[in-house]
Amino acid sequence: MAEPTTIRGGKVRVMLGNDAVPIVYTAPCGFSQRNVTINKGLEEVNLPDCDNPDAVNWVGRDAVSLSMSIGGEGVLSEESVETWLDAAEDVESVPVKVEWEFPTKTITWTGKAHVESFEAGAQDGRRVTGNVSLQSDGKMTRVVTPAAP
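Bear in mind that the values here come from a model prediction, so they are computed numbers and not experimental data.

**Focus: the side chain of Ser80**
Of note, Ser80 is situated in helix α1 (residues 78-89). Among the residues examined, Ser80 registers a relative accessible area of 2% and is labelled buried. The contact partners of Ser80, leaving out residues within four places of it in the chain, are Pro28 and Cys29.

The structure is reproduced here in C-alpha coordinates:
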(Lines give C-alpha, C1' and ligand atoms only; values in the text may rest on other atoms or scores of the structure.)
Protein backbone atom coordinates (compact mmCIF):
# COMPACT_ATOMS: atom_id res chain seq x y z
CA MET A 1 0.00 0.00 0.00
CA ALA A 2 1.35 3.43 -0.92
CA GLU A 3 1.46 5.90 1.95
CA PRO A 4 -0.37 9.21 1.50
CA THR A 5 1.53 12.49 1.29
CA THR A 6 0.34 14.56 4.24
CA ILE A 7 1.16 17.92 5.81
CA ARG A 8 1.65 19.03 9.40
CA GLY A 9 -0.33 21.82 11.08
CA GLY A 10 2.38 24.47 10.63
CA LYS A 11 2.00 24.19 6.88
CA VAL A 12 -1.54 25.57 7.03
CA ARG A 13 -1.37 29.35 7.28
CA VAL A 14 -4.08 31.98 7.72
CA MET A 15 -2.89 35.47 6.81
CA LEU A 16 -4.52 38.89 6.94
CA GLY A 17 -3.77 41.60 4.40
CA ASN A 18 -3.47 45.35 4.52
CA ASP A 19 -4.80 48.09 2.26
CA ALA A 20 -1.53 48.50 0.34
CA VAL A 21 -1.20 47.90 -3.40
CA PRO A 22 -0.10 45.18 -3.82
CA ILE A 23 -1.60 43.67 -0.67
CA VAL A 24 0.95 42.56 1.91
CA TYR A 25 -0.17 39.52 3.92
CA THR A 26 1.10 38.58 7.38
CA ALA A 27 0.28 35.57 9.51
CA PRO A 28 -0.65 36.69 13.03
CA CYS A 29 1.48 34.70 15.47
CA GLY A 30 0.00 32.27 17.97
CA PHE A 31 -2.21 29.83 16.08
CA SER A 32 -1.56 26.26 17.14
CA GLN A 33 -4.73 25.00 15.47
CA ARG A 34 -6.31 26.14 12.19
CA ASN A 35 -9.35 24.99 10.25
CA VAL A 36 -10.87 25.74 6.87
CA THR A 37 -14.38 24.72 5.87
CA ILE A 38 -15.87 25.14 2.41
CA ASN A 39 -19.66 25.31 2.60
CA LYS A 40 -22.08 24.77 -0.26
CA GLY A 41 -25.64 26.04 0.09
CA LEU A 42 -28.13 23.66 -1.49
CA GLU A 43 -31.77 23.88 -2.49
CA GLU A 44 -33.79 20.69 -2.75
CA VAL A 45 -36.35 19.79 -5.37
CA ASN A 46 -38.43 16.61 -5.76
CA LEU A 47 -37.67 14.75 -8.99
CA PRO A 48 -40.67 12.73 -10.14
CA ASP A 49 -40.44 9.45 -12.01
CA CYS A 50 -42.10 10.34 -15.33
CA ASP A 51 -42.71 6.66 -16.15
CA ASN A 52 -44.29 5.91 -12.77
CA PRO A 53 -46.05 8.93 -11.23
CA ASP A 54 -46.91 6.88 -8.11
CA ALA A 55 -43.25 6.14 -7.33
CA VAL A 56 -41.57 7.93 -4.43
CA ASN A 57 -39.68 10.97 -5.67
CA TRP A 58 -35.93 11.25 -5.46
CA VAL A 59 -34.54 14.51 -4.10
CA GLY A 60 -32.40 16.62 -6.44
CA ARG A 61 -30.09 19.27 -5.05
CA ASP A 62 -28.93 22.45 -6.74
CA ALA A 63 -25.96 24.45 -5.50
CA VAL A 64 -27.00 28.05 -4.79
CA SER A 65 -24.00 29.43 -2.87
CA LEU A 66 -20.42 28.79 -1.78
CA SER A 67 -18.66 30.16 1.28
CA MET A 68 -15.53 29.56 3.31
CA SER A 69 -15.21 29.53 7.09
CA ILE A 70 -11.76 29.96 8.60
CA GLY A 71 -10.92 29.45 12.24
CA GLY A 72 -7.94 29.27 14.51
CA GLU A 73 -6.93 29.13 18.11
CA GLY A 74 -3.81 29.20 20.18
CA VAL A 75 -1.71 31.37 22.46
CA LEU A 76 -2.52 35.03 21.96
CA SER A 77 0.68 36.88 21.14
CA GLU A 78 1.08 40.53 22.07
CA GLU A 79 2.33 41.22 18.52
CA SER A 80 -0.94 39.96 17.01
CA VAL A 81 -3.52 41.53 19.34
CA GLU A 82 -3.85 44.83 17.46
CA THR A 83 -4.06 43.03 14.10
CA TRP A 84 -6.97 40.90 15.32
CA LEU A 85 -8.71 43.78 17.09
CA ASP A 86 -8.44 46.02 14.01
CA ALA A 87 -9.91 43.29 11.79
CA ALA A 88 -12.64 42.38 14.28
CA GLU A 89 -13.73 46.00 14.80
CA ASP A 90 -13.67 46.87 11.08
CA VAL A 91 -17.18 46.88 9.62
CA GLU A 92 -15.67 46.09 6.22
CA SER A 93 -14.23 42.74 5.22
CA VAL A 94 -10.43 42.43 5.19
CA PRO A 95 -8.08 40.78 2.67
CA VAL A 96 -7.32 37.19 3.66
CA LYS A 97 -5.06 34.46 2.33
CA VAL A 98 -5.12 30.78 3.29
CA GLU A 99 -2.24 28.48 2.30
CA TRP A 100 -1.88 24.72 2.47
CA GLU A 101 1.75 23.80 1.78
CA PHE A 102 2.29 20.21 0.62
CA PRO A 103 5.72 18.82 -0.35
CA THR A 104 4.85 18.97 -4.08
CA LYS A 105 2.50 21.98 -4.23
CA THR A 106 0.91 24.85 -2.35
CA ILE A 107 -2.84 25.50 -2.52
CA THR A 108 -3.72 29.15 -1.88
CA TRP A 109 -7.08 30.89 -1.52
CA THR A 110 -7.30 34.68 -1.55
CA GLY A 111 -10.29 36.95 -1.12
CA LYS A 112 -11.98 38.97 1.57
CA ALA A 113 -13.46 37.88 4.88
CA HIS A 114 -15.11 39.29 7.96
CA VAL A 115 -13.67 38.48 11.36
CA GLU A 116 -16.92 37.09 12.73
CA SER A 117 -15.64 36.60 16.25
CA PHE A 118 -12.50 37.17 18.29
CA GLU A 119 -12.34 35.65 21.75
CA ALA A 120 -9.55 35.85 24.32
CA GLY A 121 -9.37 34.29 27.75
CA ALA A 122 -7.14 32.75 30.38
CA GLN A 123 -7.20 30.92 33.67
CA ASP A 124 -5.45 32.56 36.61
CA GLY A 125 -1.71 32.49 36.14
CA ARG A 126 -1.91 30.91 32.70
CA ARG A 127 -1.20 32.32 29.25
CA VAL A 128 -3.94 34.11 27.35
CA THR A 129 -5.39 32.11 24.47
CA GLY A 130 -7.31 33.38 21.51
CA ASN A 131 -10.01 31.95 19.26
CA VAL A 132 -10.83 33.56 15.90
CA SER A 133 -13.57 32.86 13.34
CA LEU A 134 -13.68 34.38 9.84
CA GLN A 135 -16.38 34.15 7.18
CA SER A 136 -15.68 34.76 3.49
CA ASP A 137 -17.15 37.86 1.86
CA GLY A 138 -17.49 36.96 -1.81
CA LYS A 139 -15.39 34.67 -3.95
CA MET A 140 -12.29 32.99 -2.57
CA THR A 141 -9.95 32.37 -5.51
CA ARG A 142 -7.95 29.15 -5.43
CA VAL A 143 -4.50 28.83 -7.06
CA VAL A 144 -2.24 25.76 -7.07
CA THR A 145 1.50 26.39 -7.30
CA PRO A 146 3.94 23.51 -7.84
CA ALA A 147 6.82 23.33 -5.35
CA ALA A 148 10.18 24.54 -6.60
CA PRO A 149 12.34 21.65 -7.84
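**Quick word on α1**
Along its 12 residues, α1 runs 17 Å from first to last C-alpha, staying within 8% of the 16 Å computed at 1.5 Å per residue. On the buried face of α1, the contacting elements are β1 (12-17), β3 (31-47), β5 (94-101), β6 (105-121) and β7 (129-136).

**Concerning the nonpolar core**
With 17 residues, the main nonpolar core has Leu16, Ile70, Trp84, Val96 and Leu134 as its most contacted residues. Only β1, β4 (58-75), α1, β5, β6 and β7 provide two or more residues apiece to this core. Top element by residues in this core is β6. It accounts for four residues. If near-sequence neighbours (up to four positions away) are discounted, Trp84 is found in contact with Leu16, Pro28, Phe31, Val115, Phe118, Val132 and Leu134.

**A word on the packing of aromatic side chains**
Each aromatic ring pair is characterised by the separation of its centres together with the angle its planes make. Taken as a whole, this structure holds two aromatic pairs when the rule is applied. Seen in terms of ring centroids, Phe31 and Trp84 are 5.6 Å apart; in terms of plane orientation they differ by 35 degrees. Their pairing is tilted. One end of the pair, Phe31, is in strand β3; the other, Trp84, is in helix α1, with 53 residues separating them in the sequence. Exposure remark for Phe31: the relative accessible area of 18% places this residue in the buried category. Taking the centre distance of 4.8 Å and the plane angle of 75 degrees together, the rings of Trp100 and Trp109 count as edge-to-face. By relative accessible area, Trp100 is classed as partly exposed at 25%. According to the relative accessible area criterion, Trp109 is buried, its value standing at 6%.

**Details of the pattern of salt bridges**
Summed over the entire model, instances satisfying the criterion amount to four salt bridges. Between Glu99 and Arg13 there is a salt bridge; the shortest N-O distance is 2.9 Å. Placement of Glu99 in strand β5 and of Arg13 in strand β1 is noted, with a sequence separation of 86 residues between them. For Glu99, a relative accessible area of 14% gives the class buried. Salt bridges sharing partners connect three or more residues here, namely Lys11, Arg13, Glu99 and Glu101.

Conventions adopted
Residues numbered from 1 in each chain as written. Predicted model: local features only at pLDDT ≥ 70, side-chain atom pairs only at ≥ 80, totals over all residues. Heavy atoms only, no water. Helix = DSSP H or I, 4+ residues; strand = E, 2+ residues; numbered from the N terminus. Buried < 20%, exposed > 50% of the residue type's maximum accessible area, 1.4 Å probe, protein only. Contact = heavy atoms within 4.5 Å. Expected span 1.5 Å × (residues − 1). Core = buried A, V, L, I, M, F, W, Y, C linked by side-chain atoms within 4.5 Å. Phe/Tyr/Trp six-rings, centres within 6.5 Å; stacked < 30°, edge-to-face > 60°. Salt bridge = Lys/Arg side-chain N within 4 Å of Asp/Glu carboxyl O.

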